Amino acid sequence: MTTTLLLLVLLAPALGAAVLLLGGRRTNAWGPLAAIGVMGAATAGALALFGAMLTRPAAERPVGVLLYEWLAVGDLRVPFGLYLDQLSMSFVLLITIVGTLIHVYSLGYMAHDPDRRLFFGYLNLFVAAMLLLVLADNYLLLYVGWEGVGLASYLLIGFYRRRASAATAAKKAFLINRVGDFGLSVAIMVMFTMIGAVTFSAVDAGIVAMPGWVPLVLGLLLLLAAAGKSAQFPLQAWLFDAMEGPTPVSALIHAATMVTAGVYLIVRSAAIYDLSETARTAVIVVGGISILFGAIVGSARDDIKKALAGSTMSQIGYMVLAAGLGPIGYVFAIFHLLTHGFFKANLFLGAGSVMHGMNDEVNMRRYGGLAWVMRLTFITFLIGYLAIIGVPPFAGFYSKDSIIEAALAHSWTAGIVAWLGAGLTAMYMTRMVMMTFLTKRRWQPDAHPHESPPVMIIPMALLALGSAVLGYLLVMNDAFEHWLEPVTGFVHEDPPLAMPIVYGITFGVVGLGVLIGVLANLHPAAEAPTRVNPLVRAARADLYGDAINEGLFMRPGQVLTAATVITDRRIVDGAVMAVADLSTGAGDQLRRVENGFVRSYSLALVAGAVIVLAALLLLRIA
Amino acid sequence: MTPISVVDIDYVALAPVIIVLVAAVIGVLLEAFLPEAARRSGQLLLTGSAVALAFLTVLIVAASRPFGPIAGGSLMLDGPGLFLQGLILLTSGTAILIMADRRVDPGGDAFAGRVSTLPGGEEEREVSRRGLMQTEVWPLMLFCIGGLLLFVTSNDLLTLFIALEILSLPLYLLVGMARRRRLLSQEAALKYFLMGALASAILLFGSALAYAYAGTIEFAGIAERISERTTANTLVIAAVALILVGLLFKIGAVPFGQWVPDVYQGAPTPVTGFMAAAVKVAAVGALLRVLYVPFGGMRWEWEPVLWIVASLTMLIGSLVALAQSDIKRMLAYSSIANAGFILIGVAAADQVGLSSVLFYLLAYSVATLAAFGIVTMVRVPTGEATSLEQWAGIGRRSPLLATAFSLILLSFAGIPLTAGFIAKFGVFTAAITAGALPLVIVGIVASAIAAALYVRIIVRMYFTDPVSASAGVASPSPLTVAGVGLGVALTVILGVFPQPVLNLVEQTSIFVR
């Protein structure tokens, strides 16, 4: 029964993707509805699995299903197996429920796009890959989902292919993700070399007996992978550009699911991080920097989606930070991930609804006063806003406050960063609400804002409901801690301050943020002021993340490519090749032969032979 | 007078080679005696059935014959040899399917109507008006396949050299016979011939030195002689170096593979596919045998050289491929890069390495053939649309073709659930077990670079708007569809259910010495 349901959850979206992507135009008419249908089936399956899991005692909740032995090379046996425990169950529920809502919303949002069948096909593909990622029972199969998620997100970011910027953004996302993938693939190789296995259970069991450097190296490599997928410092640059994709994509991929894969990876590898203090510290540092980095960028961007992207980076930073705290934080990382999945999807869909009514305008300086025109959007957005800044009893309050407490229990620095992030979050989110919904109208002359159709509003309302109550539901009787504890372990540590003081400071910081956000944005200008302080200028340029990436990865790569090509073309092949273009006429073609290309090839061949010979002789002497 | 000893020949074990070579001879006779109208179909029937029959015979031999030297010790019947023979016949058969297509090019098949006519001349126009076709390509193919089959089972240096010549000479001709862009094709043939002759000479010289050292040309004898030595001898080191260079040339490893882009670009595309698949399979097979059997005792000497060559090949192949604007040149550099990945497995120098290489060869060769098969279908009025620019927006007009090509490219990129991923994973793990972690890191970097390249093409097909000079997709005959379909299907099947084939290569991967 479990096997059937698991396969249903995994295969339904995959089947949807296959039918929609391979079926061609025949499926245009009913394709989007079919995509929603398979999502509904997957959600139903996930809920049934959840129900069945709840009826079992905690120790018997995890189930593993071996489908078949995928590959066996030498001593390494890799199963094609699925593993469903409390951790993956949480993810499966988040992915299917939020995913389904976003599918429904897209029906309205993409109603006028001629390629919407493709869009829904990619969405299904993405969900299928993400489900495989969280359901795999070993790192190699996880890597399959990991790559699949990357590929699907790439297709979705580049969906508006008439925009050159979309293609560039897609490429950038793919390339930066490759840097992260490199970390994961080397980590898998190290696991294979040192432990001789790649299944979670075998690695968890085997890592204990390893020398100290193994968990450290693995932890750092997995952190690199997580940073790439979760847009954490220093691999964050793609996230902002990725907003080129249609807004539902931003909601699905860049808020609720894909960027959470890195957090999943870290928490799933808890056994590795538990053994290396240094690796955990690195995780905390990356998370902490990302909290502030994302929040600062989010405060300065006028593009509503890019501001939200900064916010995503910052909120994921909280999760990564919490995951780096070890057993006192794993539970809260996942807790915040779940609540964030709801309220961030809610905010993104709200932003999409605003754009839908404003001719796809994304510049908040062209908004203003929309609260009165798009009332329902405003209300749902407001709930998401209250959730993200952490106002009780909305969801974000519980999850973020838990992280702040755990961070304080770990160290003052971590705690202060978490507080600072909370204040900044309140500031930039208030700015967003002020500029978009309140303040005076600064619309373009041709803008005629209108409320979105019910097919978009209903998913937003449901997500808003989740943003409102999910936090309370999960902390009631410490339900979530008990739920996840068997998987990740949980240690409660009291912060160095009394709880009322912690709450007091948190509320004070958030209140201050809101106050600054209101006061600074009472009368926003319709054009972005150009005379701004250096911090704002830096933040508008994403704190020069692009320049850093360019310097670190792109330039050396380009130089290397160019140098190789030049060596290949000029020095080795002879200078003539650079002159003689391949497509020139017959005479030129013949002359190229006479001009001694073969001679230079032969020279290279003979030189190579001499070098090989010399190398062998040298080796003998050595 | 010494009595003449009669060599006992196991004709059944030799049957695959005999069938192909006899069919080639019959093919030559058909050229002379069949009326022109019947030649093409006759040749096709002969070639196709000979390859299919030879493939069946390989299976029978594998099931029924004891392993050991055959044909008086010149050839060796063993697991890797038979696997490679089967793979060569499989890929050759697929290449023949694509080669036989006469629908994608309105002028006929991929070969010039009369190769002897002057390019662009009056006579050439007359030939194409009459719709003539050069049917000698089929016996040439058969001779070449016969050489390939011998190449991977050679058990002494002289047979190795002769097999190399048998397979090379028909190839030089086939490369020069393209119907379109004939000058480029003829230039490629000349280059390939000159370079090939040089490489053959180097190989032969190495063989002579090996004989001078060991007093025998037989692999087993050389191995014995090497195992007896106490100190390394300059003579045998020079022999290894030169033989290695001769074989690395055929594989297209850097810096011995500079001919690859020019020749792959100029040759008729189905022939390019054949070279990139079957010929590379055979060359790697011969390299494996030579390094593992006669020179296995010198592993510590040649291994570092292979490390360097493999690293250079992967990195330069991937990087330069990024800069290409011509699809055939791009695929040529990609095949160079793939040769580098194969060499990782070769450098592992043990049974796991050998089986990983065999799997890689299978995954790579079927995908490569399908890739070049697809290239033949994407056309502009003057021939194939080789410029990458012209591939813009193919995905919109021909989703099936673009999906197939994307799958192939994803496999080259080593994305999971394709054969390419399992293959790369296999050679990487084999190399790690053999202690070559640095080589694997280079491999992962190179595959990350290459992935960007392949994805760029997928973007070009799906996300770029067609330009005015964009190519159309010719409707292929069932032959090409079958060839390409087989490649794509195997790419997916081997990615999802690799275990049966992994078991097969693990069982077959022991050289009989």
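As a starting point, this report considers the structure included with it. Fair warning: this is a prediction, and the values are worked out from it, not measured in the lab.

With that settled, consider the side chain of B:Thr94. Tracing the sequence through the fold places B:Thr94 in helix H3 (residues 79–99). Discounting chain neighbours no more than four positions away, the residues touching B:Thr94 are B:Leu369, B:Gly483 and B:Leu486.

Taken as a whole and assessed by the stated rule, the structure comprises 28 aromatic pairs over all chains. Judged by centre distance (6.1 Å) and plane angle (50°), the rings of A:Tyr398 and A:Tyr472 are tilted. Here A:Tyr398, found in helix H17 (residues 395–410), pairs with A:Tyr472, found in helix H19 (residues 454–475); they are 74 residues apart in sequence, far enough to count as distant. Between the aromatic rings of B:Tyr192 and B:Trp259, the centroid separation amounts to 4.8 Å while the plane-to-plane angle is 20°, which identifies the pairing as stacked. A residue pair is termed long-range when its members are at least 10 positions apart, and B:Tyr192 in helix H7 (residues 182–214) and B:Trp259 in helix H10 (residues 259–266) qualify at 67 residues. The buried category is assigned to B:Tyr192, whose relative accessible area is 0%. Classification of B:Trp259 as buried rests on a relative accessible area of 2%.

Another aspect to go through is the interface of chain B and chain A. The interface is formed by 73 residues belonging to chain B together with 63 residues belonging to chain A. When the area that chain B buries against chain A is broken down by residue, the three leading residues are B:Gln258, B:Phe425 and B:Phe463, summing to 12%. In this assembly, chain B and chain A are joined by 0 salt bridges. Summed over the shared surface of chain B and chain A, the result is 0 residue pairs in polar contact (both at pLDDT 80 or more). When residues in the side of chain B that touches chain A are grouped by element, the largest group, 12 residues, is from helix H18 (residues 437–463) of chain B. Residues belonging to the side of chain B that touches chain A are distributed by class as follows: 53 nonpolar, 12 polar and 8 charged.

Per the counting criterion, the structure on display carries 11 cavities of 30 Å³ or more. Here the largest cavity defines a volume of roughly 250 Å³. Contributing to the lining of the largest cavity are 18 residues, with A:Tyr143, A:Ser185, B:Phe421, B:Phe428 and B:Ser447 lying nearest its centre. Here the lining of the largest cavity gets 6 residues from one element, more than from any other, and that element is helix H6 (residues 164–194) of chain A. For the lining of the largest cavity, the per-class residue count stands at 11 nonpolar, 3 polar and 4 charged.

Our next topic: the pattern of salt bridges. Residues and elements named next belong to chain B. One pass over the full model with this rule turns up 16 salt bridges over all chains. We note a salt bridge from arginine 65 to aspartate 10, for which the minimum N-O separation is 3.1 Å. Here arginine 65 is found in the loop between helix H2 (36–64) and strand S1 (68–70), whereas its partner aspartate 10 is found in the segment before helix H1 (11–33), with 55 residues between them in sequence. Here aspartate 10 falls in the partly exposed class, since its relative accessible area comes to 25%. For lysine 191, the salt bridge identified is with glutamate 187, shortest N-O distance 3.0 Å. Of the two residues, lysine 191 and glutamate 187 both sit in helix H7, 4 residues apart, roughly one turn of that helix. Of the two residues, lysine 191 and glutamate 187, both sit in the buried class.

Right, let's get into the packing of helix H11 (residues 269–292) of chain B against helix H13 (residues 327–348) of chain B. All names here are of chain B. The N-to-C vectors of H11 and H13 enclose an angle of 15°; their axes lie 12 Å apart at closest approach. One finds that H11 runs roughly parallel with respect to H13. Relative to H13, the crossing made by H11 is right-handed. Listed contacts from H13 to Thr269, Thr272, Lys280, Val284, Leu287, Leu288, Leu291 and Tyr292 of H11 are Lys328, Ser335, Ile336, Ala339, Ile342, Leu343, Gly345 and Val346. Its residues placed into classes, the contact of H11 with H13 shows 10 nonpolar, 4 polar and 2 charged.

What follows deals with the packing of helix H3 (residues 86–109) of chain A against helix H15 (residues 330–357) of chain A. Residue and element names in this part refer to chain A. Orientation of H3 relative to H15, taken along the N-to-C sense of each, is 5°, at an axis distance of 10 Å. As summarised for this structure, H3 and H15 are arranged roughly parallel, according to the angle between their axes. Facing H3, whose interface residues are Leu87, Ser90, Phe91, Leu94, Ile97, Val98, Ile102, Tyr105, Gly108 and Tyr109, H15 presents Ile334, Leu337, Leu338, Gly341, Phe342, Ala345, Leu349, Gly352, Ser353, Met355 and His356. Its residues assigned to classes, the contact of H3 with H15 comprises 15 nonpolar, 6 polar and no charged.

Another point: unusual backbone geometry. Cis geometry marks the peptide bond from A:Pro392 to A:Pro393, where omega comes out at 5°. With respect to the secondary-structure elements, A:Pro393 resides in the loop between helix H16 (375–389) and H17. For the bond from B:Val254 to B:Pro255, the omega torsion is 5°, close enough to zero to count as cis. Here B:Pro255 lies in the loop between helix H9 (234–251) and H10. For B:Ala71, which is not a glycine, the phi torsion comes out positive at approximately 50°.

Once that is clear, we can look at the nonpolar core. Within soluble globular proteins, side chains that are nonpolar tend to cluster in buried spots. Counting 406 residues, the largest nonpolar core has A:Trp70, B:Phe151, B:Phe274, B:Met275, B:Phe295, B:Val346 and B:Trp391 as the members making the most contacts within it. The dominant element in this core, judged by the number of residues it contributes, is helix H14 (residues 351–377) of chain B, at 18 residues. Of the residues that make up this core, three or more belong to each of domain 1 (280–540) and domain 2 (551–621) of chain A.

On to the layout of surface pockets. The space that makes up the largest pocket amounts to roughly 1700 Å³. As for the largest pocket, its lining consists of 49 residues, and the residues nearest its centre are A:Ala17, A:Ala18, A:Leu21, A:Leu125 and B:Leu407. Going through the elements one at a time, helix H1 (2–22), strand S1 (63–73), helix H4 (116–135) and helix H5 (139–157) of chain A together with helix H15 (394–397), helix H16 (399–413), H18 and helix H19 (478–496) of chain B are the ones with two or more residues in the lining of the largest pocket. Among the elements that take part in the lining of the largest pocket, H1(A) stands out by supplying 8 residues, more than any other. In terms of residue class, the lining of the largest pocket is built from 35 nonpolar, 8 polar and 6 charged.

Cut-offs and rules
- Residues numbered from 1 in each chain as written.
- Chains lettered and ligands numbered in written order.
- Predicted model: local features only at pLDDT ≥ 70, side-chain atom pairs only at ≥ 80, totals over all residues.
- Heavy atoms only, no water.
- Helix = DSSP H or I, 4+ residues; strand = E, 2+ residues; numbered from the N terminus.
- Contact = heavy atoms within 4.5 Å.
- Phe/Tyr/Trp six-rings, centres within 6.5 Å; stacked < 30°, edge-to-face > 60°.
- Buried < 20%, exposed > 50% of the residue type's maximum accessible area, 1.4 Å probe, protein only.
- Buried area = accessible area lost by both parts, 1.4 Å probe.
- Salt bridge = Lys/Arg side-chain N within 4 Å of Asp/Glu carboxyl O.
- Polar contact = N/O pair within 3.5 Å; in protein donor to acceptor, adjacent residues only side chain to side chain.
- Nonpolar A, V, L, I, M, F, W, Y, C, P; charged D, E, K, R; others polar.
- 1 Å grid on protein atoms, 1.4 Å probe; cavity = no way out; pocket = protein on both sides within 12 Å on 5 of 7 lines; lining within 4 Å.
- Points joined across faces, edges and corners; volume = space filled by probe spheres on them.
- Axes fitted to C-alpha atoms, helices over the stretch in contact; angles between N-to-C directions.
- Parallel < 35°, antiparallel > 145°, perpendicular 65-115°, else oblique.
- Left-handed = near helix turned anticlockwise from the far one by under 90°.
- Core = buried A, V, L, I, M, F, W, Y, C linked by side-chain atoms within 4.5 Å.
- Domains from an automatic or database assignment.

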